[in-house]
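Architecture at a glance
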Amino acid sequence: MTTYRAATPADEPGLHALWAVCFTAPQLLPLYRSDPDRLPRTMVAEGSDGVEAVVYWLPRRLRNAEGGIDLVGGVANVATRPDARGRGHIRSLLGMALESMSEAGCDWSLLFTGSPGVYESSGYKVFSQSLTRGPLAAAIRDTSGVRRASVAEWPLLAELYDRHNAHRPLTTVRTPDDWRHRVPAHYDDSVDLRLAEGSGYVALRWHDTSVEVLEAAGHLPELFSWVAAEAAARGITRADARLTPGEPALPFLFAELETVADTSGMARPLAVDPSPTLASPSAIHWVADYF
């Protein structure tokens, strides 16, 4: 017999073991532990031999298409033990999580996944974000003012972030706690963070044949020219960027622009229909804000 309930401290070793089996995401546990209110929002399916499945949610404040802020229930860390799959655990736990979100006053719910079929029966629908890729431009700006930065300099980065995203739908209203915990968890030593003092920043991940732009904020021509110059020095000619096609500085990054659809996001209304926010041409959810 399976019992569906909120987690207790005694469940944490079992949860950690389950996630270790199902995920290879080193940031998962540090982010989970950084949430002091995690247990009441962690829904577990308990069988005779321990935790069989889990759904965790956390409240996030996201900007909407009307210029306001929505309280959004972000679904994360969804997992089922391999020997307990096919029993409907996730659908039952999602129902509990959605009820908990509504009680907490959430406007809608958001998740990111490569397995949309798991969530469709619970009312989630895929939405698409338009992102960019293509061959890199030649560097055409002086880049001497660009330096390596650290997330420890978050007050500088936060000012640039808040200004750049003040009216951008789907972006997170980041708190100091986000900058101290969530951003460093996602932007670890594998991410190249560059800053043009007082102007802007860009977060990059270099690959053998391309560069990935994870996030950018501020006045970007100098930074994008630096990316193009550094890529040329590394023998890299292409970039994939988490940037919408309307970003005015894109000609400093791309010689030719290709638009690609990111369909990893799914949303479900609770008290508010998120469709206007999700359909906005400038809507974007940055990598460091993933749940």
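Higher on the page you've got the structure.
A brief report on the enclosed structure follows. Please read these numbers as outputs of a predicted model, since none were measured by experiment.

**Thoughts on the sheet that holds strand 10 (residues 210-218)**
- Spatially, 12 strands are ordered 1-2-3-4-5-12-6-11-10-9-8-7 in an open sheet, and the strand pairing comes out mixed. Of all the strands in the sheet, the pair left with one neighbour each is strand 1 (3-6) and strand 7 (146-148). Ignoring which end each strand starts from, the neighbouring axes of this sheet average 30° apart.
- Sheet topology note: the strand 4 (residues 69-80)/strand 5 (residues 108-112) ladder contains three bridges and is parallel. Bridging from a neighbouring strand, G74 pairs with L110 of strand 5.
- Sheet strands touched by helix 5 (residues 154-164): strand 3 (50-63), strand 7, strand 8 (192-196), strand 9 (200-206) and strand 10. Its angle to strand 10, the strand with the most contacts, is close to 80°.

**Examining helix 7 (residues 221-234)**
- For helix 7, built from 14 residues, the straight-helix expectation of 20 Å at 1.5 Å per residue is met to within 8% by its first-to-last C-alpha distance of 20 Å.
- For helix 7, every residue scored as buried is listed here: P221, E222, L223, F224, S225, W226, V227, A228 and A231.
- Contact partners of the buried residues in helix 7: strand 7, strand 8, strand 9 and strand 10.
- Among the residues trailing helix 7, G235 stands out with phi positive, at a value near 80°.

**With respect to the pairing of strand 12 (residues 258-269)**
- For strand 5 and strand 12, the ladder comprises five bridges, and the chain directions are antiparallel. Residue pairing in the sheet places W108 in a bridge with P269 of strand 12.
- Sheet topology places strand 6 (residues 125-135) next to strand 12; eight bridges connect them, and they run antiparallel. Considered in strand 12, the bridge of V126 is made with M266.

**A few points about the packing of aromatic side chains**
- Per the stated rule, a full pass over the model turns up seven aromatic pairs.
- Between W206 and W226, the aromatic rings sit 6.5 Å apart at their centres with planes inclined by 70°, giving edge-to-face as the arrangement. Here W226 lies in helix 7 and W206 lies in strand 9, a separation of 20 residues in the sequence. For the pair shown, W206 and W226 are each scored as buried.

**A short note on the environment of A65**
- Mapped onto the elements of the fold, A65 is located in the loop between strand 3 and strand 4.
- Residue class for A65 comes out partly exposed when judged on its relative accessible area of 38%.
- Between the C-alpha atom of A65 and that of L39, which follows or precedes it by 26 residues, the distance is 32 Å.
- With near-sequence residues (within four places) excluded, A65 lies in contact with P169, P276 and T277.

**A short note on helix 5**
- Among all positions in helix 5, only W154, L157, A158, L160, Y161 and H164 are buried. For helix 5, the angular spread of the buried residues around the axis is 165°, confining them to a single face.
- On its buried side, helix 5 packs onto strand 3, helix 6 (176-186), strand 8, strand 9 and strand 10.

**Examining the nonpolar core**
- Y187, Y201, F224, L243 and L253 are the most contacted members of the largest nonpolar core, which has 46 residues in total.
- Among the secondary structure elements, those contributing two or more residues to this core are helix 5, helix 6, strand 8, strand 9, strand 10, helix 7 and strand 11 (238-241).

**Observations concerning the pattern of salt bridges**
- Counted according to the given criterion, the structure contains 20 salt bridges.
- Across the salt bridge formed by R133 and D240, the nearest N and O atoms sit 2.8 Å from each other. Of this pair, R133 sits in strand 6 while D240 sits in strand 11; the two residues are 107 residues apart in sequence, bridging distant segments of the chain.
- Here R133 falls in the partly exposed class, since its relative accessible area comes to 33%.
- According to the relative accessible area criterion, D240 is partly exposed, its value standing at 29%.

**With respect to the environment of A138**
- Within the secondary structure, A138 is located in the loop between strand 6 and strand 7.
- It is 21 Å that separates the C-alpha atoms of A138 and S199, two residues lying 61 residues apart in sequence.

**Describing the environment of L243**
- Following the sequence through the fold, L243 ends up in the loop between strand 11 and strand 12.
- Residues L243 and T259, 16 residues apart in the sequence, show an inter-C-alpha distance of 9.7 Å.
- Leave out the neighbours within four places in its chain, and L243 touches S130, L131, T132, V213, A216, F224, L250, L253, I284 and W286.

**Quick notes on unusual backbone geometry**
- One non-glycine residue with positive phi stands out, namely N77, at about 55°.
- By the secondary structure assignment, N77 is in strand 4.
- Residue N77 is classed as buried on the basis of its relative accessible area, which comes to 10%.
- Backbone geometry places L170, a non-glycine residue, at a positive phi of 80°.
- Its place among the elements puts L170 in the loop between helix 5 and helix 6.

Rules of the game
Residues numbered from 1 in each chain as written. Predicted model: local features only at pLDDT ≥ 70, side-chain atom pairs only at ≥ 80, totals over all residues. Heavy atoms only, no water. Pairing = 2+ DSSP bridges. Helix = DSSP H or I, 4+ residues; strand = E, 2+ residues; numbered from the N terminus. Axes fitted to C-alpha atoms, helices over the stretch in contact; angles between N-to-C directions. Contact = heavy atoms within 4.5 Å. Expected span 1.5 Å × (residues − 1). Buried < 20%, exposed > 50% of the residue type's maximum accessible area, 1.4 Å probe, protein only. Phe/Tyr/Trp six-rings, centres within 6.5 Å; stacked < 30°, edge-to-face > 60°. Arc of directions from axis to C-beta. Core = buried A, V, L, I, M, F, W, Y, C linked by side-chain atoms within 4.5 Å. Salt bridge = Lys/Arg side-chain N within 4 Å of Asp/Glu carboxyl O.

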